[in-house]
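A look at the structure
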Amino acid sequence: MYKVKSDFLNIIIERGLFNQASDLEGLDKKLCSGSVIGYLGCDPTADSLHIGNLVSLTLLRLFQKTGNKPIALIGGATGRIGDPSGRSSERPIMTEETLQKNIQGIKKSMEKFFTFGNGSTDAIMLNNYDWFKDISYIDFLTKYGRYFSVNEMLKRESVKLRLDREQPLSFLEFNYSLFQAYDFVEINKRYGAILQFGGADQWGNIVSGVDLGRRLGIEFFALTVPLLTDANGVKFGKSMGNAVWLNEDKLSSYEYYQFWRNVDDRDVAKLLRIFTELPISEIEKLERLQGAEINEAKKILAFEATKICRGEADALEAEKTAKETFENGGMGAGLPTFDFTGDENILDALVCVSLCKSKSDARRMITSGAVSVNDEKISDDKFVITKTLSKDGKILLSVGKKNKAILKI
């Protein structure tokens, strides 16, 4: 492999954030010669980004920290189409109200990770609807359609998989890579961007932009992060059963902290490299911890990852809550808290506070002996929670040792 010289590429390779690049040597030379402008796009498919987006966000954050200028692009236009990558069916068309709500949520997610402003390396946030809304489809096809080969488009992984499985692929979705490719041209024209980032599953779409640039006489580069899986080979973040949201109105800082605190011991070293900004020398010391000592490394991972996403104050509060709850046997102030409105069946309560996904799930948890109220095991799925169970106006619900919530009287 080519030996990179730039700070940015050396750091991301050392931290496990590099998957592939369209021209690694050429990109390295650009990075060594001065500040580079690069962008990462996210479609507003929900009103918050989640942990699946975190590897790419971390990459762009390091890009800025090594003296380059990042652009965070929200797909207000491409979100109306839907990326077929990794999907077996077309995304539902969103209402305009939902789309705008999602765009605001994505902005909130992205604002956590970068320094925005007017400086040479300050981040910029864009919405591709701003240029697509004024483009005539006929003009677009006339000017750029000639540069896209249907033969090559059919070979793209996102298209090929759907066709091989005989799953429907609409013409709307088939157009997606054209729109994403044009984003690259537009952002280059407006801001001078020459580099696009994305996940490994976005390679085909990103390369479409590189190819379009080449046909127009513009040198573009592509760089992707690897697909991150846990020690069991499961896509990272999926094992929780629910999305691990980056916005606090979707997931409390305590729950976010606990996600990192509860990762598999075998994943800690890798996650410390990718999702914290600790020096590699310090991470290497933590990597050598064995047995029960790994819990100390997991606490550091949880604190550092939460600090980046939610801020130091929230990380400290989440850490304090975890200590009060699990080490001191109390009800930490930062635990998810819900108003108690009256006598409630245990199944309904567990679903209401999101400790279980459904009543059947709650019933399974009770049968397996995993459910407790105020640290007392519950074996009857007809158990009713009453106000008489409160301690200082609070009732503690638990599923297993790590998932807890409070009903507040």
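This text gives an overview of the structure that appears in the document. (Residues numbered from 1 in each chain as written. Predicted model: local features only at pLDDT ≥ 70, side-chain atom pairs only at ≥ 80, totals over all residues. Heavy atoms only, no water.)

This part covers the sheet that holds strand β3 (residues 69-74). Here we have six strands laid out as an open sheet, ordered β1-β6-β5-β2-β3-β4, and mixed in their pairing. Across the chains shown, the open sheet's two edge strands, defined by having one partner strand only, are β1 (20-21) and β4 (124-127). With four bridges joining them, β3 and β4 adopt parallel strand pairing. Along β4, the bridge assignment pairs I71 with I124. Packing against the sheet, helix α2 (residues 24-33) makes contact with β1, β5 (195-199) and β6 (221-225), and its axis sits at approximately 100° to β6. (Pairing = 2+ DSSP bridges. Helix = DSSP H or I, 4+ residues; strand = E, 2+ residues; numbered from the N terminus. Contact = heavy atoms within 4.5 Å. Axes fitted to C-alpha atoms, helices over the stretch in contact; angles between N-to-C directions.)

Let us look at empty space enclosed by the protein. This structure, assessed with the given rule, holds two cavities of 30 Å³ or more. Estimates place the volume of the largest cavity at around 90 Å³. Those elements giving two or more residues to the lining of the largest cavity turn out to be α3 (54-65), α13 (268-275) and α15 (294-310). Here the residues of the lining of the largest cavity sort into nine nonpolar, two polar and two charged. Empty space within the second largest cavity amounts to approximately 70 Å³. If you go around the second largest cavity, the residues you meet are P84, M153, R156, S158, V159, E173, F174, Y176, S177 and N205. Those elements that place two or more of their residues in the lining of the second largest cavity are α8 (157-164), α9 (171-174) and α10 (176-191). Tallied by class, the residues present in the lining of the second largest cavity amount to five nonpolar, three polar and two charged. (1 Å grid on protein atoms, 1.4 Å probe; cavity = no way out; pocket = protein on both sides within 12 Å on 5 of 7 lines; lining within 4 Å. Points joined across faces, edges and corners; volume = space filled by probe spheres on them. Nonpolar A, V, L, I, M, F, W, Y, C, P; charged D, E, K, R; others polar.)

Over its 16 residues, α10 extends 22 Å from the first C-alpha to the last, a length consistent with the 22 Å expected when each residue adds 1.5 Å. Taken across its 16 residues, α10 has 13 buried, putting it largely inside the fold. Just past α10, the residue G192 takes up positive phi, approximately 85°. (Expected span 1.5 Å × (residues − 1). Buried < 20%, exposed > 50% of the residue type's maximum accessible area, 1.4 Å probe, protein only.)

The next subject is the pairing of strand β12 (residues 394-399). Within β12, five of the six residues are buried, which leaves it mostly tucked inside the rest of the structure. Taken together, the three bridges between strand β9 (residues 371-373) and β12 define a ladder with antiparallel strand orientation. Residue pairing in the sheet places V371 in a bridge with V399 of β12. Inspection of the sheet shows β12 paired to strand β13 (residues 403-408) by six bridges, in the antiparallel sense. Each residue of the ladder has a partner; that of K394, found in β13, is K408.

This paragraph deals with the sheet that holds strand β10 (residues 376-377). An order of β7-β13-β12-β9-β10 is seen for the five strands of this open sheet, with the pairing classed as mixed. For this open sheet the edge positions go to β7 (337-339) and β10, each flanked by a neighbour on one side alone.

Let's shift gears to the side chain of N205. By the element assignment, N205 lies in helix α11 (residues 203-215). Residues within four places of N205 in sequence aside, it is in contact with D83, S85, Y176, S177 and Q180.

Time to look at a nonpolar patch on the surface. Taken together, Y137, L141 and F171 make up a surface patch of nonpolar side chains, about 310 Å² in accessible area. Counting through the fold element by element, L141 comes out in helix α6 (residues 137-144). (Patch = residues over 30% accessible without salt bridge, like charges linked within 9 Å, V, L, I, M, F, W, Y side chains within 5 Å. Areas by Shrake-Rupley, 256 points an atom, 1.4 Å probe, with all protein chains shown as cover. Salt bridge = Lys/Arg side-chain N within 4 Å of Asp/Glu carboxyl O.)

Counting across every chain of the model gives 19 salt bridges. Taking the shortest distance from any N to any O, the salt bridge between E219 and K30 comes out at 3.7 Å. Of this pair, E219 sits in the loop between α11 and β6 while K30 sits in helix α2, placing them 189 residues apart in sequence. Of the charged contacts in the structure, one is a salt bridge between E248 and K112, with a shortest N-O distance of 2.6 Å. Of the two residues, E248 is situated in the loop between β6 and α12 (253-261) and K112 in the loop between α4 (96-111) and β4; the sequence distance between them amounts to 136 residues. Through salt bridges with shared partners, a single network forms among D47, K101 and K250.

For the rest of this paragraph, the subject is the packing of aromatic side chains. Within the structure shown, the criterion is met by 20 aromatic pairs. Taken together, a centroid distance of 5.4 Å and an interplanar angle of 80° make the contact between Y39 and F184 edge-to-face. Remark: F184 occurs in helix α10 and Y39 occurs in strand β2 (residues 37-42); sequence separation between them is 145 residues. Residue classification places Y39 among the buried residues on the basis of a relative accessible area of 1%. Its relative accessible area of 0% is what places F184 among the buried residues. For the pair F113 and F114, a centre-to-centre distance of 6.5 Å together with 55° between the ring planes defines the contact as tilted. Residue classification places F114 among the buried positions, given a relative accessible area of 7%. Through a chain of ring-to-ring contacts, the aromatic side chains of F132, F140, Y144, F179 and Y182 assemble into a single cluster. In this structure, K250 packs its charged tip against the face of W245, placed 4.3 Å from the ring centre. (Phe/Tyr/Trp six-rings, centres within 6.5 Å; stacked < 30°, edge-to-face > 60°. Lys NZ or Arg CZ within 6 Å of the ring centre and 35° of its normal.)

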